[in-house]
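Residues per chain, in single letters:
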Amino acid sequence: RRLEALGRALAPVCGADADNVATAAHISKSDLLTEMVMEFPELQGLMGRYYAAAEGYAADIAAALDEQYQPRGAGGALPQTRTGLALAIAEKLDTLVGGFAIGAKPTGSKDPYALRRMAISLIRLINENNLNLPLDRALAASAATYPATLAADKHTAAVRDYIRERLDSYYREQGIRSETVQAVLALGGDDLVDNDRRIRALDTFASSDSVKNLLASAKRIRNILKKNGERDGAVQTALLQEPAEQALWQAWQDKQPAFEQALAASDYRAALEPLATLGAPLDAFFTDVMVMSDDPALQQNRLTLLTTLQRGFDKIADLSLLSE
């Protein structure tokens, strides 16, 4: 019944027929009671597919009974039907939320319900099918199917964090550095597909020699603002006295429209391109300009300028976490 409700909720996101997903969910565990699966547990799902086909269920419903367990291992095949995709995601969400709710969070030595594999599988199902399924929304939908006495909703934040932690190993296997993943996750977003776009764009961007000055400056900006606090408000152009600060502000003004336009389109590769050109003016700024000026007005304005830049960078990732 939990899978039926959750499957219906997931069907539109997965492009599946809600009634077919609910039907597949309704019979999804029936084959576990057969002698065949009792004797050969590894046939769970596969036998369900055969039995459902023999009983005359639609082909996608029968296939979903097998596909609900996919991927079955690292690099394993993903569901080929939309019905199977919705049921597979529902099955992973249900197991993760339920596992955490009964106190079975994996440890270094114990993971009796294979929740680590479930988390990695869920990441693959969402990312590789390009689904608009933010984790908070998906986990809340799953928790709502459990009885109130279990208080599953109190555990969704922990499940979300656990899934996000698994992203490190997911991307490491693809040759993407942990710092790149962490730079994106630092923003707190729970949309796996959007994060994936950012991570892949940043991975290419950060490997270029041309951005070393930018990354060094991003660290410096972060450290200055941590120590002295961010400043709200607008930069006062009349208080930009040094040529280097005038040049930096003008460079940002020139690049901001293209940056914002690319961001609006979620084209993070294009959004990062204008930032690369800020390396030189940033370098000159830190060479020629005393941020912590004795003049309070100049100091305030320079901190406002750095805050504006940092908040711009943070629309993509925390660039200060990337090595130069």
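Cut-offs applied
Residues numbered from 1 in each chain as written. Predicted model: local features only at pLDDT ≥ 70, side-chain atom pairs only at ≥ 80, totals over all residues. Heavy atoms only, no water. Helix = DSSP H or I, 4+ residues; strand = E, 2+ residues; numbered from the N terminus. Contact = heavy atoms within 4.5 Å. Phe/Tyr/Trp six-rings, centres within 6.5 Å; stacked < 30°, edge-to-face > 60°. Buried < 20%, exposed > 50% of the residue type's maximum accessible area, 1.4 Å probe, protein only. Lys NZ or Arg CZ within 6 Å of the ring centre and 35° of its normal. Salt bridge = Lys/Arg side-chain N within 4 Å of Asp/Glu carboxyl O. Polar contact = N/O pair within 3.5 Å; in protein donor to acceptor, adjacent residues only side chain to side chain. Expected span 1.5 Å × (residues − 1). Axes fitted to C-alpha atoms, helices over the stretch in contact; angles between N-to-C directions. Parallel < 35°, antiparallel > 145°, perpendicular 65-115°, else oblique. Left-handed = near helix turned anticlockwise from the far one by under 90°. Nonpolar A, V, L, I, M, F, W, Y, C, P; charged D, E, K, R; others polar. Core = buried A, V, L, I, M, F, W, Y, C linked by side-chain atoms within 4.5 Å.

### A word on unusual backbone geometry
So, point 1. Note that the residue after Gln70, namely Pro71, is joined by a cis bond; omega there is -5°.
So, point 2. Relative to the assigned elements, Pro71 resides in the loop between helix H5 (59-67) and helix H6 (82-101).
So, point 3. For Asn130, which is not glycine, the phi torsion reads 55° and is therefore positive.
So, point 4. Within the secondary structure, Asn130 sits in the loop between helix H7 (115-127) and helix H8 (135-143).
So, point 5. With a phi angle near 60°, Ser266 is a residue other than glycine that sits in the positive phi range.
So, point 6. With respect to the helices, strands and loops of the structure, Ser266 is situated in the loop between helix H13 (243-264) and helix H14 (268-276).

### So, the environment of Val21
So, point 1. With respect to the helices and strands, Val21 occurs in helix H2 (residues 18-26).
So, point 2. C-alpha of Val21 to C-alpha of Gly7: the two residues are 14 residues apart in sequence and 5.8 Å apart in space.
So, point 3. Residue contacts for Val21: discarding those within four places in its chain leaves Gly7, Arg8, Ala11, Ala16, Thr83 and Ala86.

### As for the packing of aromatic side chains
Any pair of aromatic rings gets described here by the distance separating the centres and the angle formed by the planes.
So, point 1. By the definition in use, this model includes 4 aromatic pairs.
So, point 2. Where Tyr170 meets Tyr171, the ring centres are 4.8 Å apart and the plane angle is 80°; that geometry is what we call edge-to-face. Side by side, Tyr170 and Tyr171 carry an identical accessibility label, which is buried.
So, point 3. Judged by centre distance (5.2 Å) and plane angle (80°), the ring pair of Phe285 and Phe286 falls under edge-to-face. Both residues of the pair, Phe285 and Phe286, count as buried.
So, point 4. Above the face of the Tyr162 ring, Arg166 is positioned so that its terminal group lies 4.3 Å from the ring centre.

### Overview of the pattern of salt bridges
So, point 1. This model, assessed by the stated rule, comprises 21 salt bridges.
So, point 2. The partner of Arg222 in a salt bridge is Asp314, with the nearest N and O atoms 2.8 Å apart. On the criterion of sequence distance, the pair formed by Arg222 in helix H12 (residues 212-228) and Asp314 in the segment after helix H16 (296-313) is long-range, its members being 92 residues apart.
So, point 3. Judged by relative accessible area, Asp314 falls into the partly exposed class, the value being 23%.

### Points about the environment of Asn213
So, point 1. With respect to the secondary-structure elements, Asn213 resides in helix H12.
So, point 2. The class for Asn213 is partly exposed, based on a relative accessible area of 36%.
So, point 3. For the pair Asn213 and Thr307, spaced 94 residues apart in sequence, the C-alpha separation works out to 18 Å.
So, point 4. Apart from the residues lying within four places of it in its own chain, the contact partners of Asn213 are Gly279 and Asp283.

### Some points on the environment of Asp66
So, point 1. Structurally, Asp66 can be placed in helix H5.
So, point 2. Taking relative accessible area as the criterion, Asp66 reaches 8% and is therefore assigned buried.
So, point 3. In contact with Asp66, other than residues within four places in its own chain, are Gly45, Leu46, Arg49 and Arg72.
So, point 4. Side chain to side chain, Asp66 and Arg49 meet in a polar contact 3.2 Å long.

### Looking at helix H9 (residues 156-172)
So, point 1. Helix length check: H9 (17 residues) gives 25 Å between terminal C-alpha atoms against 24 Å at 1.5 Å per residue, within 8%.
So, point 2. In terms of burial, H9 is a largely internal element, 12 of the 17 residues being buried.
So, point 3. Restricting attention to buried positions, one finds in H9 the residues Thr156, Val159, Arg160, Tyr162, Ile163, Arg164, Arg166, Leu167, Asp168, Ser169, Tyr170 and Tyr171.

### What about the side chain of Ser293?
So, point 1. Here Ser293 lies in the loop between helix H15 (279-288) and H16.
So, point 2. Ignoring any residue separated from it by four or fewer positions in sequence, one finds Ser293 in contact with Leu298, Gln299 and Arg302.

### Quick notes on the packing of helix H4 (residues 46-54) against H5
So, point 1. Two elements in contact, H4 and H5, have axes separated by 7 Å at closest approach and are oriented at 165°. In terms of axis orientation, H4 runs roughly antiparallel to H5. Crossing of H4 over H5 shows right-handed handedness. Counted together, Leu46, Gly48, Arg49, Ala52 and Ala53 of H4 and Ala62, Ala63, Leu65 and Asp66 of H5 form the full contact between these two elements.
So, point 2. Residue composition of the contact of H4 with H5, by class: 6 nonpolar, 1 polar and 2 charged.

### Notes on the nonpolar core
So, point 1. One finds Ile89, Ile163, Leu202, Leu275, Leu282, Phe313 and Leu319 to be the most contacted residues of the largest nonpolar core, which totals 97 residues.
So, point 2. Counting residues per element, this core draws most heavily on H6, at 11 residues.
So, point 3. Excluding anything up to four places from it in sequence, Ile163 contacts Leu96, Ala119, Leu122, Ile123, Leu135 and Leu139.

Any functional reading would require information that these geometric values do not contain.
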